[in-house]
Every structure is written in C-alpha cells, then in structure tokens.
Amino acid sequence: MKELIYINNKRPTNQNKRPVRDYNYRPARNNYNYPPANINSYNQVRRTAPYRQFGKRPKNYIKYVSRFLLFLVFTVIIFAVFAGLFFLNLTKKTPPPDFIYAIETVIYAGGGETSKTINITMPHETGFANNVHYFPINQIMDFLDFNLAGDTSEPSFIRKSPNEDIKLEIGSNIVYINGAKNHLTAPSFIADNNIYVPLDFILTSFNNIKLKDVNILAAERNDDQPELYFKINAIAALSPIDESTPENALFLALHGSDSVNFRADLSAYEQYFNPPQEQANEYIKLINQTNHLDAEYFPPDLTVLIDTRGDREPNQARLYAAKAAEAMLIEARMHGHTNISITSGYRSYATQISIFNHNVAQLMNNGASLEEATAQTALAIAYPGQSEHQSGLAIDMHSNTAATRTFGSQPDGIWLAENAHHFGFIVRYPDGKTHITGIQYEPWHFRYVGRFHAIQIYQRGLTLEEYHEQVLR
Ligand code: ZN
C-alpha cells in the first residue's frame, strides 16, 4: 500500500542533489500517513498555504535586525529628550532660600538706650559654598560702625567710640574683646585674601547684638555639617597706610584734600579738618607770652571731648578741634594706640589763675621766693591769658598716668606727633624749641590750627611762632 503524494503536481526527481533544508517541515500530528515513508528527501515535499514559503528566510533576518536597531535608536533619542527635559526641570526646581539676617543692636549711651535693627538678605549661592557658610560681616561691621584694622596676623575690629575693640589672633581660637581674652569654637584663618572666623565670633564678640529670625539654621542642616565660618573680605583694609610724600603733603595743604588715606572711615569727620574760611584767623591765632587772650575771651562753640579720661569731668574744645581730635583718636586706635585719652581741653581764665597760683604757692612752701616760684611756674604753666587752653584750641592727651616728657618717645606719643597734622593738629611745644616758644617740651600738648597750616608746619619743622614769622607774615 504505497502511495505517493505529489505536491505541486510534480513528479519527484533526483535532479536537486543538494538537499535544501525545508524549514517548514513539521511532522503532522495524528496523521499516520505523513510523512510518507518513501519520501527520500525533504524537498520532495512541498506544501502550499497555509504554510508560507521560507526560502527567503535569511534575508528577513537582516531586515528584522535592522528594524530592531532603528527602534533602538529611536528609543534612545526619545529617552534622551525626556531625560533632558527632566534635568532642565530639576534645575528649575525651587532654589534654596536666601539667607536673611535680622540684627538688632542696643546701644547704651548717655544713660539711655536706643536700638537699631537691620535686615540683610544674602543670596544662597553667595552665602553658602564648599561647605562654608559666608556671613555678611562687612555689612554688619558697617552697621555697627566698626572698622577693620591691624594686620593680617592680628586683625582688629575697632568701633568709632572708645573702649570697643575686638582683636583676632589668626591661626588660633583666641579673640580679645576689649582686651579680655575669649575663645572661639574653632581657629580663625586666612585664605584667598579673606579672613575666616567661626560662626560664634559675632555672638561672643559683639556686646548688645542680637541675631533674630535668622533662617540659616534650616539651610545648614540640609548640608552635611558644614564648617561655619564668617568670611571677611576686607584684607585690603589691612594694608599699610600710604604715607604722604612731601609733594602729596603740600598738595593736601594747598587743596585741603580729603585724600589722606586713613584706616578708619573718617569721611564724616573730613569737614572738621579745616576750619571754615571766615574763621581761619581765629584758628591760626598765635597765643603766647607776648600775644595774650583777653580775660573775657570765651570760645563760642565749645564741644565735649568724648575721649576725656574716665576719671575727669568731660573736657571741652572748640567744635572743629573737638571733632578733629575725636577722628584722630579713632585713627590712633586703628593703629593699635588704644590707650590715649584726653586729660585737658578748654580752661577758663579763672581756672588758669587758680592753677598758676596753686603752683606758685607749692613752690613757695618748698622754700622758693615769690619771684623764683613765679618764674619756675611760668616755664611749665602759662600765665593767665597766655595759655592756649583758654582758646579752646589746645588739647592735652597721652596714655600715662601723668603728663611726662617720656611720652614723646613712647609709641603712642610718636604716633601722635607723626600723624597729628593729618587732622589739623601740631605739637605746639616741640623738643629743642623752648627758646622760641617759651615753654618746655610738651609732647602731650596739641594745638588745632587746621590741616592746611598743620601740614605745612609739620613739613617745615616749624613752631607756630616761626610759621607766623616766616610764612604768614
Ligand atoms: Zn596743654
């Protein structure tokens, strides 16, 4: 019972010797007649629909691979676009909050107290970087009237009023507050022309300052434990003062320029370094043994000298002299001369009489005759009417317990002598000029004449007598 099945109505031949693999071949199930037992080659069996022809199978494979690759490329492109949008969106996402500082200070002065407040907003990116928190200390310093002084090894913050200064010992955690030693939580240091001071600096160093509603704490805790430092970007303020050349000094003298380079911001005082033109003669007036002031003379605009030594009644001087002295001692403190105070200012005619008579009486008690006592007293204390102190233009200042000539060779006295002219003052009774002035060397006695004249007197090395004689005549 052999039966040949001819598909495609063709007889099987043996012409195709090479067997072609028939991918379509599958043994039919439950068909015991298939495959026929006598088929000698697969390709003798050809099937029509529903089977497909698979002769082109290798070509289709390439097509699928290329389609798949194309699909892959599109997927990657779409993914990239979405990823880009996503990241764009991320960066746009709510920026970190700005730092806001509300600072309140309470200032105690004249028995009362006044409070000042300031709000400082700082963008987050400038307030926080590289795990360092940057505090807007420069603005706070301005607000508190503090100036940066000293040098890079020991920067100081000095307030424009006596007895407020803060000195940092760079590289250590030591800070001196009004001379008292305190410790910060971490050492201060200098890098990239900035001073870095630990956060607690402002809290421990500045009296009467409250930080309130400061939103930095929340922001801090989102970052992993940053070191908290103030960054004080003011190294420039620490560079040495430009000493005027003689040419500069003359220019300043002639033009009354405000270009003297002070460490302190003395812009508010600049107006007092030269008296008004219409009063110029009063301020340059020569007062000595031969040029007396009337017993009735009373300076018109006496002003309290705020740097009067603590144990004395507040001294006074004429407005311009008083303000210029104030500025001079601010600047002196910026240079480390923090102990100079004013011991004497305006003295009335009556005061002069009693001082003079008191001194004469003391010498007579020690055995001197009236003539001797009077002559000796006159060397140290001017006769009533002959004292500059009656003019309100003379100010005694030093840092010793009593006025002594050694002050002239001490750092404080040297600084005053070398810088007083910038503020309109001269050393009125210089060493070696007693034969001209009639008064012994007094390194503590400063006379206000205004910067215009003071600079010329300083540059020429003259006494006021010589200046009148040689220059003003
Ligand atoms: Zn004096």
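Not measured: the values here are computed from a predicted model.

**Student:** Which parts of the structure should I look at to understand the overall build of the protein?
**Tutor:** When you go through the protein residue by residue, the secondary structure sums to 14 helices and 19 strands. Buried residues in the protein amount to 41% of all 473 residues. On the protein, roughly 27600 Å² of surface is accessible, and the fraction owed to carbon and sulfur atoms is 53%.

**Student:** Is there a simple way to explain the layout of surface pockets in this structure?
**Tutor:** Approximately 680 Å³ is the volume attributed to the largest pocket. Put simply, the parts of the chain that give the lining of the largest pocket at least two residues each are strand 16 (341–344), helix 9 (349–365), helix 10 (370–380) and strand 17 (394–398). Its residues assigned to classes, the lining of the largest pocket shows 10 nonpolar, 14 polar and six charged.

**Student:** It is not clear to me how the coordination of the zinc ion should be interpreted in this structure. Could you clarify?
**Tutor:** Tetrahedral coordination by four donors sets the ideal angle at the metal to 109.5 degrees; octahedral coordination by six donors sets it to 90 or 180 degrees. Within the protein, the zinc ion binds to H389 (NE2), D396 (OD), D396 (OD) and H445 (ND1); these donor distances fall in the range 2.0 to 2.7 Å. Here the zinc ion binds four donor atoms, and the angle range of 53 to 152° at the metal identifies the geometry as irregular. The sequence pattern describing where the donors of the zinc ion fall on their chain is H-x6-D-x48-H. Here the residue D396 occupies a position in strand 17, and H445 occupies one in strand 19 (residues 445–448), the gap between them amounting to 49 residues. As far as burial versus exposure is concerned, D396 and H445 are alike and both buried.

**Student:** In this structure, what is going on with the packing of aromatic side chains? I would like to understand it.
**Tutor:** Going through the model one piece at a time under the given rule, you end up with seven aromatic pairs. When the ring of Y283 is compared with that of Y448, the centres are 5.6 Å apart and the planes differ by 80°; the resulting orientation is edge-to-face. Separated by 165 residues along the polypeptide, Y283 in helix 7 (residues 280–284) and Y448 in strand 19 bring together distant segments of the chain. Across the pair, exposure class does not vary: Y283 and Y448 are buried alike. Summarising the aromatic geometry, the rings of F298 and Y346 are spaced 5.8 Å apart at their centres and angled 85° between planes, so their arrangement reads as edge-to-face. Within this pair, whereas F298 is found in the loop between helix 7 and strand 14 (302–304), its partner Y346 is found in the loop between strand 16 and helix 9, the two being separated by 48 residues in sequence. The rings of Y272, Y283, Y320, F425 and Y448 are connected pair by pair, giving a single aromatic cluster.

**Student:** Just to check I follow, could you spell out the sheet that holds strand 16 for this structure?
**Tutor:** Paired through their backbone hydrogen bonds, the strands of a sheet run either parallel or antiparallel. What the four strands build is an open sheet, ordered 16-17-19-18; its pairing is antiparallel. Because the sheet does not close on itself, it has two edges, and the strands there are strand 16 and strand 18 (425–427). Across this sheet, the average inter-strand angle for adjacent strands is 40°, counted without regard to direction. As defined by bridge partners, strand 18 adjoins strand 19 across three bridges and the pair is classed as antiparallel. Note on strand 19: the bridge partner recorded for V427 is F446.

**Student:** Just to check I follow, could you spell out the pattern of salt bridges for this structure?
**Tutor:** It is possible for side chains of opposite charge to pair when their charged atoms get near one another. Tallied over the entire structure, the rule returns 11 salt bridges. Linking D311 and R312 is a salt bridge whose minimum nitrogen-to-oxygen distance equals 3.6 Å. Using a relative accessible area of 64% as the deciding quantity, one classes D311 as exposed. Under the relative-accessibility criterion, R312 is labelled partly exposed at 37%. The partner of E326 in a salt bridge is K323, with the nearest N and O atoms 3.6 Å apart. Taken together, the residues span about one helical turn, with E326 and K323 both in helix 8 (residues 319–334) at a distance of three residues. According to the relative accessible area criterion, E326 is buried, its value standing at 9%. Take K323: its relative accessible area is 22%, and that puts it in the partly exposed class. It is possible to trace a salt-bridge network through shared partners that takes in E388, R428, R447 and E465.

**Student:** Explanation requested: the pairing of strand 9 (residues 180–183) in the structure shown.
**Tutor:** Moving residue by residue along a regular strand, the side chains alternate between the two faces of the sheet. Here strand 8 (residues 174–177) runs beside strand 9; their pairing, made up of four bridges, is antiparallel. Bridging from a neighbouring strand, I177 pairs with A180 of strand 9. The antiparallel hairpin formed by strand 8 and strand 9 contains two residues in its connecting segment, where N178 sits at a positive phi of about 50°.

**Student:** So what exactly am I meant to see when it comes to the pairing of strand 11 (residues 194–198) here?
**Tutor:** Burial within strand 11 is extensive, with five of its five residues counted as buried. Burial along strand 11 is two-sided: N194, Y196 and P198 facing one way and I195 and V197 facing the other are all buried. Both strand 10 (residues 189–191) and strand 11 contribute to a ladder of three bridges, which runs antiparallel. Directly across from I190, in strand 11, lies its bridge partner I195.

**Student:** I tried to follow the environment of I158 on my own but got confused; where do I start?
**Tutor:** Along the chain, the position of I158 falls in strand 6 (residues 154–159). The buried category is assigned to I158, whose relative accessible area is 3%.

**Student:** It is not clear to me how helix 11 (residues 411–419) should be interpreted in this structure. Could you clarify?
**Tutor:** One turn of an α-helix holds 3.6 residues; hence residues three or four places apart share an orientation. Within helix 11, the full set of buried residues consists of D412, G413, W415, L416 and N419. Around the axis of helix 11, the buried residues are gathered within 160° of arc, so they sit on the same side. Buried residues belonging to helix 11 abut helix 8, strand 17 and strand 19.

**Student:** I'm lost on the nonpolar core in this one. Help?
**Tutor:** For soluble globular proteins, nonpolar side chains are generally found buried alongside one another. Core analysis: the biggest nonpolar cluster contains 35 residues, and M397, L416, F423 and F425 have the highest contact counts within it. Secondary-structure elements contributing two or more residues to this core are helix 8, strand 17, helix 11 and strand 19. Residue contributions to this core peak at 11 residues, all from helix 8. When near neighbours in sequence (up to four residues on either side) are disregarded, F423 contacts F262, L266, F273, A324, A327, M328, E331, W415 and Y448. I120, F143, F146 and I177 belong to the second-largest nonpolar core, a separate cluster that totals 20 residues.

The rules behind the values
Residues numbered from 1 in each chain as written. Predicted model: local features only at pLDDT ≥ 70, side-chain atom pairs only at ≥ 80, totals over all residues. Heavy atoms only, no water. Helix = DSSP H or I, 4+ residues; strand = E, 2+ residues; numbered from the N terminus. Buried < 20%, exposed > 50% of the residue type's maximum accessible area, 1.4 Å probe, protein only. Areas by Shrake-Rupley, 256 points an atom, 1.4 Å probe, with all protein chains shown as cover. 1 Å grid on protein atoms, 1.4 Å probe; cavity = no way out; pocket = protein on both sides within 12 Å on 5 of 7 lines; lining within 4 Å. Points joined across faces, edges and corners; volume = space filled by probe spheres on them. Nonpolar A, V, L, I, M, F, W, Y, C, P; charged D, E, K, R; others polar. Donors = N, O, S within 2.8 Å, 3.2 Å for Na, K, Ca; no water. Tetrahedral: all angles 85-135°; square planar, octahedral: opposite > 155°, others 65-115°. Phe/Tyr/Trp six-rings, centres within 6.5 Å; stacked < 30°, edge-to-face > 60°. Pairing = 2+ DSSP bridges. Axes fitted to C-alpha atoms, helices over the stretch in contact; angles between N-to-C directions. Salt bridge = Lys/Arg side-chain N within 4 Å of Asp/Glu carboxyl O. Arc of directions from axis to C-beta. Contact = heavy atoms within 4.5 Å. Core = buried A, V, L, I, M, F, W, Y, C linked by side-chain atoms within 4.5 Å.

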